[in-house]
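Here's the letter readout for the chains.
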Amino acid sequence: MRAKTLWLGATALLAGAAMALPAQAGDSNGNFQVKVGVTGVLLDDDTKSVTLGGAAVPNASAETNDNVIPTLTLAYFFDKHWAVELFCCFDQVNVTGKGSLAQYGKLASTWAFPPILTLQYHFDGFGAFKPYVGAGVEWIHYFDSKSNIGGGADFDDSFGFALQVGTDIDLGQGWSIGLDVKKVWEDTEITWVNNNLGQTVVAKHDLDPWFVTANLGYRFNLEDIFGARTAAAPLK
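Definitions and limits used
- Residues numbered from 1 in each chain as written.
- Predicted model: local features only at pLDDT ≥ 70, side-chain atom pairs only at ≥ 80, totals over all residues.
- Heavy atoms only, no water.
- Pairing = 2+ DSSP bridges.
- Helix = DSSP H or I, 4+ residues; strand = E, 2+ residues; numbered from the N terminus.
- Buried < 20%, exposed > 50% of the residue type's maximum accessible area, 1.4 Å probe, protein only.
- Contact = heavy atoms within 4.5 Å.
- Polar contact = N/O pair within 3.5 Å; in protein donor to acceptor, adjacent residues only side chain to side chain.
- Core = buried A, V, L, I, M, F, W, Y, C linked by side-chain atoms within 4.5 Å.

## A closer look at the pairing of strand 7 (residues 91-99)
Bridging between strand 4 (residues 60-64) and strand 7 involves five bridges; their strand directions are antiparallel. From the neighbouring strand, A60 faces strand 7, where its bridge partner is G99. Where strand 7 meets strand 8 (residues 106-113), six bridges bridge the pair, whose relative direction is antiparallel. Note on strand 8: the bridge partner recorded for D91 is A112.

Structure representation (structure tokens):
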């Protein structure tokens, strides 16, 4: 809960700072963009295998919960078409037993820090609509992991390939609203000790999340904010 409170405070502070910038700082063709969003994390998950003391557990499965979280996106534009974007958030994930593990209910929980880095191509010629596509990678770092069946729990950090599609709708003076969808393919391995049985449980789990985000964006030139120039030149 502490991590989520800090994240909410950081996004609120950033949004307030953007609104406090002088109106002339906003530039719909600027080289930097900040977005504050609300994201649905939808896990298309699947358990590949569960072992107990090294032996396969028949009909054992688990699922992780979907969630809605606040998110922050930073993007730098090299020109009017190409940009690099960093997207991130904090999320709390619960793992619930299914099949032969259903009797245990919630098996484990963890906090996740899952940044996604993508290279984007932005299309032009659509008026206020600014569609784009992207590809990149996601890394998930898990922390504060807990087991609900005794012993400790450990989630291996995850790496995966990400695809992205989205659009911004230009509102003028650098402001925009947008919709963004990302799909990531990745898995993790969860290890914990079942104190009741005195054996180690290992679950290999595909996560494959969707990230669906509605956001408010603000675009500007970094040089204008830091006073390096007084007039912004549009990206070419």
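Having put the structure on the table, let's press on.
## Comments concerning the environment of P114
Structurally, the position occupied by P114 is in the loop between strand 8 and strand 9 (116-122). Relative accessible area serves as the criterion here: at 4%, P114 is assigned to the buried category. Distance in space between the C-alpha atoms of P114 and C88 is 6.1 Å, their sequence separation being 26 residues. Not counting residues within four places of it along the chain, the set of residues in contact with P114 comprises F87, C88, C89, E138, W139 and I140.

## Topic: the environment of A153
Tracing the sequence through the fold places A153 in strand 11 (residues 153-155). Put simply, A153 and V201 are 48 residues apart on the chain and 9.5 Å apart in space, counted from C-alpha to C-alpha. What A153 contacts, discounting residues up to four positions off in sequence, is A108, S145, K146, S147, T191 and W192.

## A closer look at the environment of Q164
Mapped onto the elements of the fold, Q164 is located in strand 12 (residues 158-172). Judged by its relative accessible area of 5%, Q164 falls in the buried class. Reaching out from Q164, the side chain makes a polar contact with the side chain of E85 at a distance of 3.0 Å. A distance of 2.9 Å separates a polar atom in the side chain of Q164 from a polar atom in the side chain of T118.

## A look at the nonpolar core
Generally speaking, nonpolar side chains in soluble globular proteins are found buried as a group. V50, V95, L107, Y142, F155 and W192 are the most contacted members of the largest nonpolar core, which has 20 residues in total. Among the secondary structure elements, those contributing two or more residues to this core are strand 4, strand 7, strand 8, strand 10 (129-147), strand 11, strand 14 (187-194) and strand 15 (199-206). Counting residues per element, this core draws most heavily on strand 8, at three residues. Residues within four places of V50 in sequence aside, it is in contact with A55, A56, V57, A60, L101, V201, V202 and A203. Core analysis: the next-biggest nonpolar cluster, separate from the first, contains eight residues, F87, C89, A162 and F211 among them.

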